[in-house]
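Listed below are the residues making up each chain.
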Amino acid sequence: MNKRGVIIVCIIATLLCVVLGANFYFMYYLNAEEGQLSSVRALENMIRHKIRHLKPAYLNRNPRFFMFRNKLLKNYKLTAYENASVLWEIANWWPHENEIYPLYDSSMGQLLKTLRDEPITKVQNLARGTQLKLLMRLNNQQKVIFKPQWYPRDFVVEGVVYSGKDRHAAEVYAFYLGAVLDLRWTPIVVGRVVNLKKEIYANGDQELQHTIKIETSEEDGKETYCLYGKCHYCNEDEVVCGDEKHNIEGVMIYIVPGTLAKRRSPWQRTYKEEKRAPWEDDMTYCKSLKSKMETIRLLDLIDVAIFDYLIQNGDRHHYETREERVVLIDNGKAFGNPNKDHLDILAPLYQCCLIRKSTWDRLQVFSGGVLSEIVDRLSKQDALYPLITDKHKRGVERRLLVVFAVVEYCMDKEGDKMFKTL
Ligand SMILES: Nc1ncnc2c1ncn2[C@@H]1O[C@H](COP(=O)(O)OP(=O)(O)OP(=O)(O)O)[C@@H](O)[C@H]1O
Ligand SMILES: [Mn+2]
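- Within an unreviewed UniProt entry, the label attached to the chain reads Glycosaminoglycan xylosylkinase homolog, and the organism entered is Drosophila albomicans.
- Per its UniProt entry, the chain bears the Subcellular location (unreviewed entry) comment "Golgi apparatus".
- Regarding the chain, the relevant UniProt record gives this comment under Sequence similarities (unreviewed entry): "Belongs to the FAM20 family."

A look at the UniProt feature "binding site: ATP" (unreviewed entry) in the chain
- Per the UniProt record, "binding site: ATP" (unreviewed entry) is found at Gln 131, Lys 147, Ile 253, Tyr 254, Ile 255, Val 256, Glu 320 and Asp 330. Set against the largest pocket, the annotated residues that line it come down to Gln 131, Lys 147, Ile 253, Tyr 254, Ile 255, Val 256, Glu 320 and Asp 330.
- What makes Gln 131 buried here is its relative accessible area of 12%.
- Here Gln 131 is in contact with Gly 164, Lys 165, Asp 166, Cys 231 and Lys 333, once residues within four sequence places are set aside.
- Here Glu 320 shows up in strand E10 (residues 318–322).
- When near neighbours in sequence (up to four residues on either side) are disregarded, Glu 320 contacts Leu 260, Ala 261, Lys 262, Arg 325, Val 326, Val 327 and Ile 329.

Points about helix H10 (residues 285–292)
- The complete set of buried residues in H10 reads Tyr 285, Cys 286 and Leu 289. Along H10, the residues classed as buried sweep out an arc of 75 degrees about the axis, all on the same side. Across from the buried face of H10, at angles greater than 90 degrees, the exposed residues are Lys 287 and Ser 291.

Some points on the packing of aromatic side chains
- In total, this model carries 17 aromatic pairs according to the counting rule given.
- Measuring from centroid to centroid gives 6.1 Å for Phe 68 and Phe 366, while their planes differ by 55 degrees, and the two rings are tilted. Within this pair, whereas Phe 68 is found in helix H3 (residues 65–75), its partner Phe 366 is found in the loop between helix H13 (357–365) and helix H14 (370–379), the two being separated by 298 residues in sequence.
- For Phe 68, a relative accessible area of 14% translates into the label buried.
- Residues Tyr 76 and Phe 175 carry aromatic rings whose centres are separated by 5.9 Å and whose planes lie at 75 degrees to one another, so their mutual orientation is edge-to-face. Of this pair, Tyr 76 sits in the loop between H3 and helix H4 (84–93) while Phe 175 sits in helix H6 (residues 168–180), and the two are 99 residues apart along the sequence. In this structure, Tyr 76 and Phe 175 share a single accessibility class: buried.
- Three or more aromatic residues joined by ring pairs make a cluster, and in this case those are Tyr 58, Trp 360, Phe 404 and Phe 419.
- The ring of Trp 150 carries Lys 165 above its face, with NZ or CZ at 4.3 Å from the centroid.

Here we look at the site of ligand 1
- By nearness alone, 18 residues border ligand 1, and Thr 130, Gln 131, Lys 133, Lys 147 and Glu 320 come closest of all.
- Contact between ligand 1 and Lys 133: an oxygen atom at 2.7 Å from a side-chain N or O atom of the residue.
- Computed on the free molecule, ligand 1 has an accessible area of 610 Å², of which 91% lies beneath the protein chains in the complex.
- One can see that ligand 1 is located within the largest pocket.

Some words on the domain arrangement of the chain
- What the domain assignment reports for the chain is domain 1 (49–64 + 258–420) and domain 2 (66–254).
- A straight line from the C-alpha centre of domain 1 to that of domain 2 covers 24 Å.
- Each side of the interface is counted separately: domain 1 has 57 residues, and domain 2 has 56 residues.
- Between domain 1 and domain 2, roughly 4,900 Å² of surface is buried when both sides are summed, and carbon and sulfur atoms account for 65% of that area.
- A salt bridge links Glu 97 to Arg 325; its shortest N-O distance comes to 3.9 Å.
- At the boundary of domain 1 with domain 2, the tally comes to 25 residue pairs in polar contact (both at pLDDT 80 or more).
- For the side of domain 1 that touches domain 2, the secondary structure elements donating two or more residues are helix H11 (295–311), strand E11 (325–327), H13, H14 and helix H15 (390–414).
- Per-element tally for the side of domain 1 that touches domain 2: the top contributor is H14, with seven residues.
- Across the side of domain 1 that touches domain 2, the residue classes tally to 27 nonpolar, 13 polar and 17 charged.

Observations concerning the UniProt feature "active site" (unreviewed entry) in the chain
- Taking the numbering used here, the UniProt-annotated feature "active site" (unreviewed entry) corresponds to Asp 315.
- Mapped onto the elements, Asp 315 comes out in the loop between H11 and E10.
- For Asp 315, a relative accessible area of 12% gives the class buried.
- Sequence-distant contacts of Asp 315, that is, excluding residues within four places in its chain, are made with Tyr 162, Tyr 271 and Lys 333.

With respect to the sheet that holds E11
- Overall, antiparallel pairing links the three strands, which are arranged E9-E10-E11 in an open sheet. Two strands lie at the open edges of the sheet, namely strand E9 (260–264) and E11, each paired on one side alone. On average, each strand axis in the sheet is tilted by 45 degrees relative to the strand beside it, whichever way the strands run.
- Summarising the sheet, E9 and E10 pair through five bridges and their orientation is antiparallel. When the sheet's bridge partners are listed, Arg 264 is paired in E10 with His 318.
- Across the sheet, H11 lies against E9, E10 and E11, angled at about 15 degrees from E11, the strand it touches most.

Topic: the nonpolar core
- With 124 residues, the main nonpolar core has Tyr 76, Met 136, Ile 188, Ile 200, Leu 346 and Phe 366 as its most contacted residues.
- Domain assignment of the residues forming this core places at least three in each of domain 1 (49–64 + 258–420) and domain 2 (66–254).
- Leaving out residues up to four positions away in the same chain, Ile 200 has contacts with Val 123, Leu 134, Met 136, Phe 146, Val 194, Asn 195, Leu 208, Ile 212 and Ile 248.

The rules behind these values
Sequence order as written defines the numbering, with residues in each chain counted from 1. A letter from A marks each chain and a number from 1 marks each ligand, given out in the order of writing. With pLDDT at 70 or above as the cut-off, local features in this predicted model cover only qualifying residues; side-chain atom pairs require 80 or more to be listed or tallied, and sums for whole chains, interfaces and linings still use all residues. Only hydrogens and water are set aside; all other atoms, that is, all heavy atoms of the structure, feed into the side-chain values. UniProt positions are given in the numbering used here, feature names are shortened, and annotations may be inferred rather than shown by experiment. Of the two site types, the cavity is a set of points on a 1 Å grid over the protein atoms alone where a 1.4 Å probe fits but cannot get out, and the pocket is an open set with protein on both sides within 12 Å along at least five of seven lines, each lined by residues with an atom within 4 Å of a point. To sort residues, take the accessible area from a 1.4 Å probe on protein chains only and compare it with the maximum for the residue type: under 20% means buried, over 50% means exposed, and anything in between is partly exposed. Note on contacts: a residue pair is in contact if any heavy atoms of the two residues lie within 4.5 Å. Counting from the N terminus, the helices are DSSP H or I runs at least four residues long and the strands are E runs at least two residues long. Picture the helix axis, draw a direction to every C-beta atom, and the arc is the one those directions span. Between the rings of Phe, Tyr and Trp (Trp by its six-membered ring), a pair exists once the centres lie within 6.5 Å; its type follows the angle of the planes, with under 30 degrees stacked, over 60 edge-to-face, and the other angles tilted. Think of it as a cone above the ring: NZ of Lys or CZ of Arg counts as a charge over the ring if it is within 6 Å of the ring centre and within 35 degrees of the ring normal. Proximity is defined per residue: any heavy atom of the residue falling within 4 Å of a molecule or strand makes that residue near it. A 3.5 Å cut-off defines polar contacts: any pair of N or O atoms within that distance qualifies, except that in protein one atom must be a possible hydrogen donor and the other a possible acceptor, and neighbouring residues in sequence count only when both atoms are side-chain atoms. With residues, only the protein chains shown are counted as cover, and all accessible areas are computed by Shrake-Rupley using a 1.4 Å probe. A cavity or pocket is said to hold a molecule if more than half of that molecule's atoms lie within 2 Å of its grid points. The split into domains, and so the bounds of each, comes from an automatic or database assignment of domains. Accessible area that two parts lose when put together, with a 1.4 Å probe and added across both, is what the buried area reports. Just to be clear on terms, a salt bridge is a Lys or Arg side-chain nitrogen sitting within 4 Å of an Asp or Glu carboxyl oxygen. Throughout this entry, Asp, Glu, Lys and Arg are counted as charged residues, while Ala, Val, Leu, Ile, Met, Phe, Trp, Tyr, Cys and Pro are counted as nonpolar. The remaining residues, Gly among them, count as polar. Two strands qualify as a pair provided DSSP detects at least 2 bridges between them. Lines fitted to C-alpha atoms define the axes here, with helix axes fitted over just the stretch in contact, and angles between the N-to-C directions of these axes take values from 0 to 180 degrees. Side-chain atoms within 4.5 Å are what join buried Ala, Val, Leu, Ile, Met, Phe, Trp, Tyr and Cys residues into a set we call a nonpolar core.

Pasting the structure below:
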């Protein structure tokens, strides 16, 4: 070969290398991505398969349910009381670690009634968190947090899982669901219709009054009160307005006594639609967590994942702890879209394949349509009943089956060692 020939061969070889190299590089990434994608898909297919072949015990009513039903209904029944102060004092002694209230206590029904009936004596904006909320004082004594209604029950929040504003009634639902599942880690919450003029504006401090717009109709002179409040996302164009009697719906959230610490969730989303978090693509994500995090904390977070999956709260970017145990504060972003289930809220369960034995036993008590039914029965007394639409109720049942299916999938993988008693 002459010199020119050698140069041409070299150029061709280099070009080939570059093209092939780039191609291999590209193929490598394609495969890696496909591998991750297929593992998420494979899991979904596995769950689909498991759901089709669920044992009848998961689909039928569990006779053990009757042992719980009457006790629950009795314990949470709104009951007349004499002295609200005494009840508040009792309830403020209740919390122990992350258990906010006792399993059964004759004061519970009375406490619920105080939240419904006691006079609101002072109101101010509460600029904690990012959404509109108020701090209210009941009968010059007990402080509660108030979150107002933004949407009617049948409003479908489109978009990503954390879209939209708070769904006030979800906070009440979460309280009763926690009670039923024995995850008594939520604040005590009661729905209430409140008068924006006579109860909020009239008892509000100056700063709050400045965040309420009063408009008078030129036609009939009728006033409309609209609150925009003070918070990160608050602005004058997004308001909660009273009806013709100035009433608004909202929820009274009992303040959890003690110190809460806020921590970043390991399964936090990026909150950027174009950017995915590591846990979203890595099915082995839990492996490293298991060595970094105490098992009890991990088990708490798995309970939280099941709870959040049932109600479709995909916004637990941080979780809060009380005495080193996880509490379920802020459940307002649940029940956004009844037509869509976000399986990835369950990632802590299917990636770690661990669950507290007590949680697993408890979930099975409420199989066969009973879970949504008992929450419905309990919440019948609430001022906001029905808390959710029938479509959302069916969603809760559908997702409970998914939880059963995922646990079955984990049992195949891990056997009985997936159940923990911590
Ligand atoms: N019932 C409660 N008892 C004690 N503290 C509470 C209670 N509810 C809320 N808080 C405190 O107020 C903070 C804000 O409340 P919350 O998380 O409900 O607001 P948010 O506007 O939804 O916040 P974010 O936008 O971060 O989700 C909480 O982080 C918590 O520290
Ligand atoms: Mn929130």
